[in-house]
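Fold and contact review
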Amino acid sequence: MSKIAEEFGIKQALKDLGLNEINNGTSTGTDWFSNGEILESYSPVDGALIGKVKATTKEDYEKVITTAEKGFKEWRTWTAPQRGEVVRQFNDELRRLKEPLGKLVSYEMGKSYQEGLGEVQEMIDICDFAVGLSRQLYGLTMHSERPGHRMYEQYHPLGVVGIISAFNFPVAVWAWNTALAWVCGDACIWKGSEKTPLTSVACQNIAERVFKENDVPAGVSCLISGDYKVGQMMTTDDRVPLISATGSIRMGKIVAQAVAARLGKTLLELGGNNAIIVTPDANIKNTVIGAVFGAVGTCGQRCTSTRRLIVHEDIYDKVKDAIVNAYKQIRIGNPLDENNHVGPLIDKDAVKNYQAALDKVVEEGGKILVEGGVLEGEGYESGCYVKPAIAEAENHFEIVQHETFAPVLYIMKYSGDVSDALKLQNGVKQGLSSAIMTNNLREAERFLSAEGSDCGIANVNIGTSGAEIGGAFGGEKETGGGRESGSDAWKVYMRRQTNTINYTTELPLAQGIKFDL
Ligand code: NAD
């Protein structure tokens, strides 16, 4: 165990979460096994080995999918409130283990401890939501055009749901999907990120314990581990009617095609390129807080991170100076230490991408306003700590058009009115999160109108980063179009059936058609 791991109680956290030095990465919810290669999990915090997870083989996967299919057949016969009760108990365990799980998220992924706890809180919130939902899986009734007939629609469990998740939200995204899918009566198979395999095992341990106590059938909560090849076992498998995949646009395009080729359903939550528009009527102090947190929080590794700041020319210099000054106060270091604002990037490949983006923006004619760079020396031995950077750039630059998953903020000017700012904001291929800072009602409403932001999330006077579980979460265009979490996102985990009942002694046909025999 490294010095930091000792000092910040990682050993105890691993113990509380039931993790060993070597863990099986395959589980049917009652049975753990794995015959694949070993995945080693190194912390980006200090470069130390945290633990090992054995990956899932094709044979392991077969056992998981057949168990999940069987488990589903029984689970769908439980009433939805009975399933909700199991989720309620699972949530009690999350509340009890919030600190160790938050700590492991921080140490394995590199986000601040506060953000790690925040991520577990999101799991808790979505479980609360799911418990209520278990009594509200409503369908509509409608009036039939035929006399003596009743029509309604109802929602049935869908089957086995495959969940593929990214490294940057190693636990919350699973819960957003699984808590809803479970109350909807589905069985879930989760492949977490190969960069954060231990948090996945920790979560599955919690579910397994609660499910066993409640005699939930094997297969309702399953875990598989490994890289994209293990993900492909599910995307190409027609026994998995829905794939919910969170990650890069590159991955989403491959997954979407694989699932579409077998006419399966996808829920895609992919990359963003999020902007804040700052108008002459903005509150500058709040703009700076929202933009800085949005750009450097989680070291710029949120799908909702602020990548672009589109500022009106009248206040451009004032906003630019205020943000550049605010960056001087950012403390970079061990994310478990609550005095630091920014932790490391996930790995050295991410560091290379960050450096390449800074080179590229200069090559394309941009101007660096806050220098980047990789930190070295004591406390930075993992080689993953970088300085958040700001560059003055133009929206059409190739590098600005792409999501760089790192703390690089591009600042640009607009003149004219809010529609000119919207042209820039909407002028990228991604469509996840967006924001406007203004105290002008007309500007705010135009931003929210049909001609306004084309993103799945559009905020007024708060930044782009983060979201509450109560709303449907997701984005348009290359972000994939999926919606998960709150509102009516549950419907994707169920199959809709329209029912018509004839309670007459005749058989009238629809559209007045006569068919006398
Ligand atoms: P990634 O695309 O490299 O990997 C994500 C997951 O997909 C991993 O589990 C990986 O093993 C799996 N995968 C990759 N290729 C696959 C394939 N061909 N078939 C099946 N599975 C495959 O992404 P990452 O680096 O882990 O995460 C960062 C990206 O995720 C960013 O682009 C970020 O914006 C995005 N993200 C989006 C959201 C959202 O809700 N929109 C949330 C979190 C992260």
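Residues numbered from 1 in each chain as written. Predicted model: local features only at pLDDT ≥ 70, side-chain atom pairs only at ≥ 80, totals over all residues. Heavy atoms only, no water.

**Topic: the sheet that holds strand β20 (residues 457–460)**
Note the following rule: If DSSP finds at least two bridges between two strands, the strands pair. A helix here means a DSSP run of H or I that spans at least four residues, while a strand means a run of E at least two residues long, and both kinds are numbered starting from the N terminus. Between N-to-C directions, angles cover 0 to 180 degrees, with each direction set by a line fitted to C-alpha atoms, over the stretch in contact for helices. Whether two residues are in contact is decided by their heavy atoms, any of which lying within 4.5 Å being enough.
Sheet architecture is open: 7 strands sit in the order β15-β16-β17-β14-β13-β19-β20, paired in mixed fashion. Each edge of the open sheet carries a strand with a single partner, namely β15 (367–370) and β20. Ignoring which end each strand starts from, the neighbouring axes of this sheet average 25° apart. Running over the sheet, helix α13 (residues 348–363) touches β15, β16 (389–392) and β17 (408–414) and is turned about 25° from β17. Where helix α15 (residues 418–426) meets the sheet, it contacts β13 (274–278), β14 (306–312), β17 and β19 (433–437), and its direction lies at approximately 155° from that of β14.

**Description of the packing of α15 against helix α16 (residues 441–448)**
So the rule is basically this: The sense of a crossing depends on the near helix, which, turned anticlockwise from the far helix by less than a right angle, makes the crossing left-handed and, turned clockwise, makes it right-handed. Under this grouping Gly is polar, as are all residues other than the nonpolar Ala, Val, Leu, Ile, Met, Phe, Trp, Tyr, Cys and Pro and the charged Asp, Glu, Lys and Arg.
Contact geometry for α15 and α16: axes closest at 10 Å, N-to-C directions at 35°. For the element pair α15 and α16, the recorded crossing hand is right-handed. In this structure, α15 uses Val418, Ser419, Leu422 and Gln425 to contact α16, whose residues at the interface are Glu443, Arg446 and Phe447. Residue classes in the contact of α15 with α16 are distributed as 3 nonpolar, 2 polar and 2 charged.

**Comments concerning the site of the ligand**
Put simply, the rule reads: To be near a molecule or strand, a residue needs just one of its heavy atoms within 4 Å of it. Under the rule applied, a polar contact is a pair of N or O atoms within 3.5 Å (in protein, one hydrogen donor and one hydrogen acceptor; residues adjacent in sequence only if both atoms are side-chain atoms). Each domain's extent was defined by an automatic or database domain assignment.
Residues in contact with the ligand amount to 27 residues; listed here are only the nearest, Ser165, Glu194, Ser248, Leu270 and Glu403. In the model, an oxygen atom of the ligand is placed 2.9 Å from a nitrogen or oxygen of the Lys191 side chain. Glu194 places a polar side-chain atom, nitrogen or oxygen, 2.8 Å from an oxygen atom of the ligand. For the shell around the ligand, the secondary-structure elements that each account for two or more residues are α9 (228–235) and α10 (249–260). Class assignment for the residues of the shell around the ligand results in 12 nonpolar, 10 polar and 5 charged. For the shell around the ligand, the domains that each give at least three residues are domain 1 (3–270 + 480–496) and domain 2 (274–468).

**Digging into the side chain of Ser244**
Our working rule: For the exposure calls, accessible area comes from a 1.4 Å probe over protein chains only, and a residue counts as buried if that area is under 20% of its type's maximum, exposed if over 50%, partly exposed in between.
Mapped onto the elements, Ser244 comes out in strand β11 (residues 242–246). Classification of Ser244 as buried rests on a relative accessible area of 0%. At a separation of 2.7 Å, a polar atom in the side chain of Ser244 contacts the side chain of Asn177.

**Quick word on a nonpolar patch on the surface**
To be explicit about the condition: Two distance rules govern patches: like charges are joined within 9 Å, and nonpolar side chains (Val, Leu, Ile, Met, Phe, Trp, Tyr) within 5 Å, applied only to residues with over 30% relative accessible area and no salt bridge. Each accessible area value is a Shrake-Rupley result obtained with a 1.4 Å probe; residue values ignore everything except the protein chains displayed when judging cover. Only one rule defines a salt bridge in this text: a Lys or Arg side-chain nitrogen within 4 Å of an Asp or Glu carboxyl oxygen.
A cluster of nonpolar side chains, contributed by Leu507, Leu509, Ile513, Phe515 and Leu517, occupies part of the molecular surface with about 650 Å² of accessible area. The topology assignment puts Leu507 in the segment after β24 (494–502). Exposure remark for Leu507: the relative accessible area of 69% places this residue in the exposed category.

**Details of the domain arrangement of the chain**
Operational definition: Buried area counts how much accessible surface, traced with a 1.4 Å probe, disappears from two parts once they are put together, with both parts' losses summed.
Each assigned domain of the chain is listed here: domain 1 (3–270 + 480–496) and domain 2 (274–468). A separation of 30 Å is found between the C-alpha centroids of domain 1 and domain 2. In this complex, domain 1 contributes 27 residues to the contact, which on the side of domain 2 involves 25 residues. Among the residues domain 1 hides against domain 2, the three largest losses belong to Phe8, Pro44 and Glu115. Together they make up 24% of the total. Our enumeration of links across domain 1 and domain 2 arrives at 2 salt bridges. Between Arg302 and Glu115 there is a salt bridge, with the nearest N and O atoms lying 3.1 Å from each other. Here domain 1 is connected to domain 2 by 7 residue pairs in polar contact (both at pLDDT 80 or more). For the side of domain 1 that touches domain 2, the secondary structure elements donating two or more residues are α5 (98–109) and α6 (113–133). In terms of residue count, the dominant contributor to the side of domain 1 that touches domain 2 is α5 (5 residues). Of the residues belonging to the side of domain 1 that touches domain 2, the class tally is 12 nonpolar, 7 polar and 8 charged.

**Here we look at the UniProt feature "domain: Aldehyde dehydrogenase" (unreviewed entry) in the chain**
Rules: UniProt positions are given in the numbering used here, feature names are shortened, and annotations may be inferred rather than shown by experiment.
The sites that UniProt annotates as "domain: Aldehyde dehydrogenase" (unreviewed entry) are residues 37–498. From the first C-alpha to the last, residues 37–498 spans 47 Å; its make-up is 39% helix and 21% strand.

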